[in-house]
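# Reading the structure
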Amino acid sequence: MTQQGHSKSKKAITRRDFLRLIKILGLETVLLAIGGGIYMREYEPSWVDVNNITLQLPRLAKSFSGLRMVQISDLHFGGWMTSESLNDIVRMIGEQSPDLVTITGDFVMGHRRAQQELDKLDDLAAALKPLSERFPVYAVLGNHDIWLSRNSVIKTLYKAGVTTLSNVSHTIKRGSDKLHIAGVDDVMERFARMDRVQLRLPDDGCAILLAHEPDFADVSAATGRFDLQLSGHSHGGQVVLPLIGPPILPYLAHKYPSGLYQVMDMYQFTNRGIGMTPPYVRFNCRPEITVFTLESA
């Protein structure tokens, strides 16, 4: 399942720029002809892909072999994602019977402390609470969380029973064996401190890193300490054109935009997310719940 990432030099483009571009080029008409506007707006965004992946991690102790770990990302609650939609996601996660759940950032839309978004944070906590009542849930922040209010989002996750890993690590023990779940704060907004993570991370045992932006894998893999990095941020592009790929990808998601990669001795996995940012369409890029079964070497 390993895919090799390729780096290309691309000029940064915003989603607003992309919308302007498709109006000029008439690409919107092409997309409508291929997939249909109703399909892209109403059907595919709710057609969740439960993606099962088995990974063998070299430092995973035998006592953890068979561990089931769910990853979701990029909820963007308060926009397209409603309480009802998130309740459905929580129900689907429960059906997978995971041992733990990870969420790799962008819980909110993030419109610079917009009051209407801040008012919805209690609803976000209420939707996530049933998840943390059944399973350990670990998370990192994304750039949209910082844009809205870093402290407010952290307080909301605390209220929801979610453990936020802001440049720290958490150790799970089974007897004398250890599994470390570490996290860096948002890379794009320069809150990530890998030095602090490494300072707190024990030398022995398998280590998994949560980092919102996938291209941070080049940094984390170079440390030689992590077996797996989990990321989101890209949404997989939301729109993936046949033979072309995603017309737009955000900064720090160009090298590893979707799926599984081998970066040096580390696996990098980028989840396509369950929410969206405008335009609220998906094409050839279904929202994703990833279910990892981890095996020892």
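What counts and how
Residues numbered from 1 in each chain as written. Predicted model: local features only at pLDDT ≥ 70, side-chain atom pairs only at ≥ 80, totals over all residues. Heavy atoms only, no water. Pairing = 2+ DSSP bridges. Helix = DSSP H or I, 4+ residues; strand = E, 2+ residues; numbered from the N terminus. Axes fitted to C-alpha atoms, helices over the stretch in contact; angles between N-to-C directions. Core = buried A, V, L, I, M, F, W, Y, C linked by side-chain atoms within 4.5 Å. Buried < 20%, exposed > 50% of the residue type's maximum accessible area, 1.4 Å probe, protein only. Contact = heavy atoms within 4.5 Å. Phe/Tyr/Trp six-rings, centres within 6.5 Å; stacked < 30°, edge-to-face > 60°. Salt bridge = Lys/Arg side-chain N within 4 Å of Asp/Glu carboxyl O. pLDDT = per-residue confidence, 0-100. Polar contact = N/O pair within 3.5 Å; in protein donor to acceptor, adjacent residues only side chain to side chain.

### Considerations on the sheet that holds strand 2 (residues 67-72)
One open sheet accounts for 6 strands, arranged 1-12-2-3-4-5; its pairing is mixed. Only two strands of the sheet have a single partner each, and these edge strands are strand 1 (49-57) and strand 5 (163-164).

### Structural notes on the sheet that holds strand 6 (residues 168-174)
Here we have 6 strands laid out as an open sheet, ordered 6-7-8-9-11-10, and mixed in their pairing. Only two strands of the sheet have a single neighbouring strand rather than two, namely strand 6 and strand 10 (259-263). Strand after strand, the sheet turns through a mean of 20° between neighbouring axes, direction not considered. Bridge count for strand 10 against strand 11 (residues 266-270) is 5 bridges, and the pairing is antiparallel. Along strand 11, the bridge assignment pairs Y261 with Q268.

### Notes on the environment of Y261
With respect to the helices and strands, Y261 occurs in strand 10. Taking the C-alpha atoms as reference points, Y261 and Q229, separated by 32 residues in sequence, lie 9.9 Å from one another.

### Considering the nonpolar core
Judged by nonpolar contacts, the single largest core of 34 residues is most densely connected at L86, F107 and I289. When residues of this core are traced back to their parent elements, those giving at least two are strand 2, helix 4 (83-95), strand 3 (100-104), helix 6 (121-134), strand 4 (137-140), helix 7 (143-159) and strand 12 (288-296). Counting residues per element, this core draws most heavily on helix 6, at 6 residues. Look past the residues within four positions of I289 in its chain and what remains in contact with it is V48, D49, V50, N51, V70, Q71, I72, I89, M92, I93 and I274. Core analysis: the next-biggest nonpolar cluster, separate from the first, contains 25 residues, I53, L60, Y267 and F292 among them.

### Description of the packing of aromatic side chains
Applying the stated criterion across every chain yields a total of 4 aromatic pairs. Their ring planes at 40° and their centres at 5.5 Å tell us that Y43 and W47 sit as a pair that is tilted. The partly exposed category is assigned to Y43, whose relative accessible area is 46%. Classification of W47 as partly exposed rests on a relative accessible area of 35%. An angle of 65° between the planes, with centres 5.2 Å apart, marks the rings of Y256 and Y261 as edge-to-face. Looking at Y256, the relative accessible area reads 5%, which means it is buried. Among the aromatic residues, those joined into a ring-pair cluster are Y39, Y43 and W47.

### Looking at the pattern of salt bridges
The full count for this structure, using the stated rule, is 8 salt bridges. When the shortest N-O distance is used, the salt bridge between E95 and R91 registers 2.9 Å. Pair noted here: E95 and R91 are both in helix 4, with a separation of 4 residues, about one helical turn. Within this structure, D49, R272 and E288 form a network of salt bridges that share partners.

### Points about the pairing of strand 12
In terms of burial, strand 12 is a largely internal element, 8 of the 9 residues being buried. Relative to strand 12, strand 1 runs parallel, the two sharing 9 bridges. Each residue of the ladder has a partner; that of T54, found in strand 12, is T293.

### Quick word on the confidence of the model for the chain
Mean pLDDT over the chain: 92, with 88% of residues reaching 70 or higher. Scored below 50 in pLDDT, residues 1-10 shows 19 contacts in the model against residues more than four places distant or in partner chains.

### Side note on the environment of T82
The topology assignment puts T82 in the loop between strand 2 and helix 4. We classify T82 as partly exposed; its relative accessible area is 36%. Distance from T82 to K120, taken between C-alpha atoms, is 9.8 Å for residues 38 residues apart in sequence. At 3.2 Å, the side chain of T82 and the backbone nitrogen of S85 are in polar contact.

### Topic: unusual backbone geometry
The omega torsion of the bond from P278 to P279 falls at 0°, within 30 degrees of zero and hence cis. Tracing the backbone through its elements, the reader meets P279 in the loop between strand 11 and strand 12. Within the chain, D74 stands out as a residue other than glycine whose phi angle is a positive 50°. When you line up the elements, D74 lands in the loop between strand 2 and helix 4. In this structure, M264 takes a positive phi of about 55° despite not being glycine.

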